[in-house]
Amino acid sequence: KTLRCLDAEIQTLEMLWGKTLENAAVFTTVSHQHIYGLLFRLLWPLCAERPFAATAHSYPEQLVAELQQQTRTVLISSPSQLKRFPTTIDLFTLKQSLCAVFSSGGLLPTTAAQDWQQRLGKTPIEVLGSTETGGIAWRRGDGSRAPWQPLPGVEWRVQDGLLDVRSPHLPSNDWWSTS
């Protein structure tokens with residue numbers, strides 16, 4: 001990844017969700033050692049001058065306790081963590097302060113999206129991408145599997161059964177063929 005690619009992706013994220021997040025404090029359950037964590041947990045908040053938690057939260061109870069102490073927050077997580085979020089934790093207490101939940105690193109199961117919608121009143125925003133391609137698409141549905149929307153500036157096509165991507169998040173303007 002070049003700095004130009006990372007910067008292009010940060011600009012895309014801010015264009016799409018910056019006004020929604022405003023000055024929300026960023027909390028996460030993902031490591032900064034993964035490209036998703038690096039972008040969403042560190043680089044995007046730094047560039048947008050948003051506060052962020054210094055450490056990832058491993059325990060949902062600890063995470064919710066910290067989220068409840070803030071007036072405006074965003075949660076960066078993964079499908080595996082969101083689908084296992086304990087039902088004994090009352091997410092409704094976060095409805096006013098938690099302005100967005102992001103999920104990436106795989107597909108969020110429909111049941112998990114519906115659970116978050118029911119318990120929080122908001123469905124996580126799913127982001128599709130890879131280390132190689134950067135962000136490709138996003139969706140936020142009610143758990144019914146809304147169609148994917150390409151991120152601004154991203155083009156895609158299916159050729160020979162593979163997804164090809166052309167994007168400002170790539171080092172060149174050539175088509176990148178995924179496997």
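Up top is the structure these notes are about.
Read on for a plain summary of the structure. (Residues numbered from 1 in each chain as written. Predicted model: local features only at pLDDT ≥ 70, side-chain atom pairs only at ≥ 80, totals over all residues. Heavy atoms only, no water.)

1. A look at the packing of helix 1 (residues 3–21) against helix 2 (residues 35–48)
Part 1 of the reasoning: Remark: helix 1 packs on helix 2, axes separated minimally by 10 Å, with the N-to-C direction vectors making an angle of 70 degrees. Classified by the angle their axes make, helix 1 and helix 2 are roughly perpendicular. The chirality of how helix 1 crosses helix 2 is right-handed. Where helix 1 abuts helix 2, its residues Leu6, Glu9, Ile10, Leu13, Glu14, Trp17 and Leu21 lie against Ile35, Leu39, Phe40, Leu43, Trp44, Cys47 and Ala48.
Part 2 of the reasoning: When its residues are assigned to classes, the contact of helix 1 with helix 2 shows 12 nonpolar, no polar and 2 charged. (Axes fitted to C-alpha atoms, helices over the stretch in contact; angles between N-to-C directions. Helix = DSSP H or I, 4+ residues; strand = E, 2+ residues; numbered from the N terminus. Parallel < 35°, antiparallel > 145°, perpendicular 65-115°, else oblique. Left-handed = near helix turned anticlockwise from the far one by under 90°. Contact = heavy atoms within 4.5 Å. Nonpolar A, V, L, I, M, F, W, Y, C, P; charged D, E, K, R; others polar.)

2. Observations concerning unusual backbone geometry
Part 1 of the reasoning: With a phi angle near 60 degrees, glutamate 49 is a residue other than glycine that sits in the positive phi range.
Part 2 of the reasoning: In this structure glutamate 49 comes out as exposed when scored by relative accessible area, which is 73%.
Part 3 of the reasoning: For aspartate 160, which is not glycine, the phi torsion reads 55 degrees and is therefore positive. (Buried < 20%, exposed > 50% of the residue type's maximum accessible area, 1.4 Å probe, protein only.)

3. Remarks on the sheet that holds strand 8 (residues 162–166)
Part 1 of the reasoning: The sheet built from 3 strands is open, its strands ordered 7-8-9 with antiparallel pairing. What marks the edges here is a single partner per strand, and that holds for strand 7 (155–159) and strand 9 (176–177).
Part 2 of the reasoning: Across 5 bridges, the pairing between strand 7 and strand 8 is antiparallel. Bridge pairing in strand 8 places tryptophan 156 opposite valine 165. (Pairing = 2+ DSSP bridges.)

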